[in-house]
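# Survey of secondary and tertiary structure
Below, each chain spelled out in residue letters.
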Amino acid sequence: MPTVYNWQLGRSMRYPYEQASPREQFAFVININRCIGCQTCTMACKSTWTFAKGQEHMWWTNVETKPFGGYPQHWDVKILDLMEQANPGGQRWGGPVNGSAQRPYGEFAGKTIFETPEFVARGGQPNHVLGYLPSDEEWRFPNIHEDVATQGPTKPMDFGEGEDLSDGKKHKAWFYYLARLCNHCSYPACLAACPRNAIYKRPEDGVVLIDQKECRGYRKCVEACPYKKSLYRGTTRTSEKCIACYPRLEGLDPETEGVPMETRCMAACIGQVRMQGLVKVDKDNTWIEDRYHPLYYLVHVAKVALPLYPQFGTEPNGYYVPPRWVPTKFLEQMFGPGVDEAVERYRNPDRELLAVLQLFRRSNQIIARYELREGPKVYETTQNGKKFEMYNDTIIAFNRAGKEIFRTSVEEPIHVRSEAHANSI
Ligand code: SF4
Ligand code: SF4
């Protein structure tokens, strides 16, 4: 079987197809710290793409309450459990973290879902991917355990009970909202598993699509996707999944005059927690340095945004700023070994990070580059034992055509209502 390079794992890995990369890659960052679980993103997607007959259970994007919520139910615990059974005690990270874009999190010494096919061989026919098909029951409750901080199966997750957090406090009860969609993975498990070759990754933007004419509904993709973001539709007997709102990506929406626009779920986000972009990747899918691209900055420079379950091995293109109130032990299972550093950076942001965080959700256009204009110091304090300084810098966002989309400052402007309209709404 061919090998491909997976930079999130810091090593090569087995994958059924030869190494290939798109010209640009669809990617996104979600800041968990600011998500309020309002489900506006969920409904924006639902009302656009999955409102027809047979799609009732389809939530291409969903927001689940962690640690116990999940759609389908327990999707991550179940696949982690299978991986542990396939490689008992071996699912560990190792090797030095060298900080480079080729190996930022050290090396994953365990086995990915592509490296344990023997484990799921059936009748002499080895499967390409370790996975499982959720039951009907597991698809039934899209927002189960919403806002619940206890109960539910825990194996094999470690809850880091009693662990001191970086603020020196023990948080016995905690939960957070995890907004999810298809990660348009660099090494998609859905694509690897499809016996009809009906799933493909677009060379222009890395979006993963299912050709509805070729699909026969074998549900191999549903079984293989560790994130369970390929879903079966009984009325058409085909599988469907997130299409990354590709007409918007292609700039076909009249509002943006030909330049790429963010997906519906990103653009609708009330909490301003989502940012989507197109990043330049090399032949081995490592990110080409693009210092002033906001996603490159968040993932590879500030290192505050981490991939979701990188150990699965699909090289997901969804990145998350981990929540700062949750035990690191728990978060490391979900986001890998970069959690401590990411939380620390987010808790004590420098002036560039503070400015880049202002870019989230100020425009529907995809930001291709930013520029920073330094402003005066407006605030100084000590937090978490460290000196914190705030500067009222201005950050300017540009689209792919190099045109300024907007500019905004770190300090929020104060508007004083004129006396003439003192009590009007
Ligand atoms: S998240 Fe799942 S459905 Fe999406 S590309 Fe990755 S493996 Fe395929
Ligand atoms: S719209 Fe934004 S804030 Fe609301 S649930 Fe979705 S990601 Fe969270």
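Residues numbered from 1 in each chain as written. Chains lettered and ligands numbered in written order. Predicted model: local features only at pLDDT ≥ 70, side-chain atom pairs only at ≥ 80, totals over all residues. Heavy atoms only, no water.

## Considering unusual backbone geometry
With an omega of 20°, the peptide bond running from Lys66 to Pro67 counts as cis. Assignment of secondary structure puts Pro67 in the loop between β4 (62–66) and α2 (75–86). Residues Tyr71 and Pro72 are joined by a peptide bond in cis, for which omega reads -5°. Assignment of secondary structure puts Pro72 in the loop between β4 and α2. Although it is not a glycine, Asn197 adopts a positive phi angle of roughly 50°. (Helix = DSSP H or I, 4+ residues; strand = E, 2+ residues; numbered from the N terminus.)

## Focus on the nonpolar core
Within the largest apolar cluster, 117 residues are counted, with the highest numbers of intra-cluster contacts made by Val29, Tyr176, Trp287, Leu298, Leu308, Phe335 and Leu359. In terms of residue count, the dominant contributor to this core is α2 (6 residues). (Core = buried A, V, L, I, M, F, W, Y, C linked by side-chain atoms within 4.5 Å. Buried < 20%, exposed > 50% of the residue type's maximum accessible area, 1.4 Å probe, protein only.)

## A word on the site of ligand 1
Looking at ligand 1, the residues that line it are Cys182, Asn183, His184, Cys185, Pro188, Ala189, Cys190, Val208, Cys225, Tyr227 and Lys241. Here the shell around ligand 1 is built from residues that sort into 8 nonpolar, 2 polar and 1 charged. (Near = heavy atom within 4 Å. Nonpolar A, V, L, I, M, F, W, Y, C, P; charged D, E, K, R; others polar.)

## Focus: the packing of aromatic side chains
Under the criterion given, the structure shown has 22 aromatic pairs. Aromatic side chains Trp7 and Tyr105 sit 6.2 Å apart centroid to centroid with 40° between the ring planes, which places their arrangement in the tilted category. Here Tyr105 lies in the loop between β5 (93–94) and β6 (107–108) and Trp7 lies in the loop between β1 (3–6) and β2 (11–14), a separation of 98 residues in the sequence. Classification of Trp7 as buried rests on a relative accessible area of 0%. For Tyr105, a relative accessible area of 6% translates into the label buried. Each member of the aromatic cluster is reached from another via a ring pair, and the members are Trp7, Tyr105, Trp287 and Tyr319. Stacked on the ring of Trp75, the Lys or Arg Arg180 has its end atom at 3.8 Å from the ring centre. (Phe/Tyr/Trp six-rings, centres within 6.5 Å; stacked < 30°, edge-to-face > 60°. Lys NZ or Arg CZ within 6 Å of the ring centre and 35° of its normal.)

## A closer look at the pairing of strand β17 (residues 386–391)
Alignment of strand β16 (residues 377–383) against β17, held across 6 bridges, turns out to be antiparallel. The partner of Gln383 across the bridge, within β17, is Lys386. (Pairing = 2+ DSSP bridges.)

## Focus on the sheet that holds strand β15 (residues 369–373)
Across the sheet, which stays open at both edges, the 3 strands sit in the order β15-β18-β19 with antiparallel pairing between neighbours. With one partner strand each, in any of the chains shown, β15 and β19 (404–409) form the two edges of the open sheet. Neighbouring strand axes in the sheet, compared pairwise and without regard to direction, differ in orientation by 20° on average. Relative to strand β18 (residues 394–398), β15 is paired through 5 bridges, and the arrangement is antiparallel. Across the sheet, the residue bridging to Leu372 is Ile395, located in β18. (Axes fitted to C-alpha atoms, helices over the stretch in contact; angles between N-to-C directions.)

## Quick look at the pattern of salt bridges
For the structure on display, the rule yields 26 salt bridges. Here Glu214 ties to Arg196 by a salt bridge, and the two come within 3.3 Å at their closest N and O atoms. With Glu214 in the loop between β9 (208–210) and α4 (220–224) and Arg196 in the loop between α3 (189–193) and β8 (199–201), this residue pair connects regions lying 18 residues apart in the sequence. On the basis of relative accessible area, Glu214 is assigned to the partly exposed category, the value being 34%. Look at Arg196 and you get partly exposed, because its relative accessible area is 29%. A salt bridge links Glu262 to Arg361; its shortest N-O distance comes to 2.3 Å. (Salt bridge = Lys/Arg side-chain N within 4 Å of Asp/Glu carboxyl O.)

## A few points about the sheet that holds strand β13 (residues 306–307)
The strand order across the open sheet built from 4 strands is β12-β3-β14-β13, with neighbouring strands paired in mixed fashion. Strand pairing shows two members of the sheet lacking a second neighbour, β12 (274–280) and β13, which therefore form its edges. Here helix α7 (residues 294–301) sits on the sheet and contacts β3 (24–31), β12 and β14 (318–321); the angle it forms with β12, its principal contact strand, is near 90°. (Contact = heavy atoms within 4.5 Å.)

## Here we look at the environment of Glu289
Within the secondary structure, Glu289 is located in the loop between β12 and α7. Taking the relative accessible area as the measure of exposure, Glu289 reaches 60% and is therefore exposed. In this structure, the C-alpha to C-alpha distance between Glu289 and His300, residues 11 residues apart in sequence, is 8.7 Å.

## Structural notes on α2
Between its first and last C-alpha, α2 extends 17 Å over 12 residues, near the 16 Å set by a 1.5 Å rise per residue. When you tally the buried positions in α2, you get 9 out of 12 residues, the bulk of the element. Considered for burial, the residues of α2 that qualify are Trp75, Asp76, Val77, Ile79, Leu80, Asp81, Leu82, Met83 and Ala86. Looking at the packing, one finds that the buried side of α2 touches β4, β7 (176–180) and α8 (328–335). (Expected span 1.5 Å × (residues − 1).)

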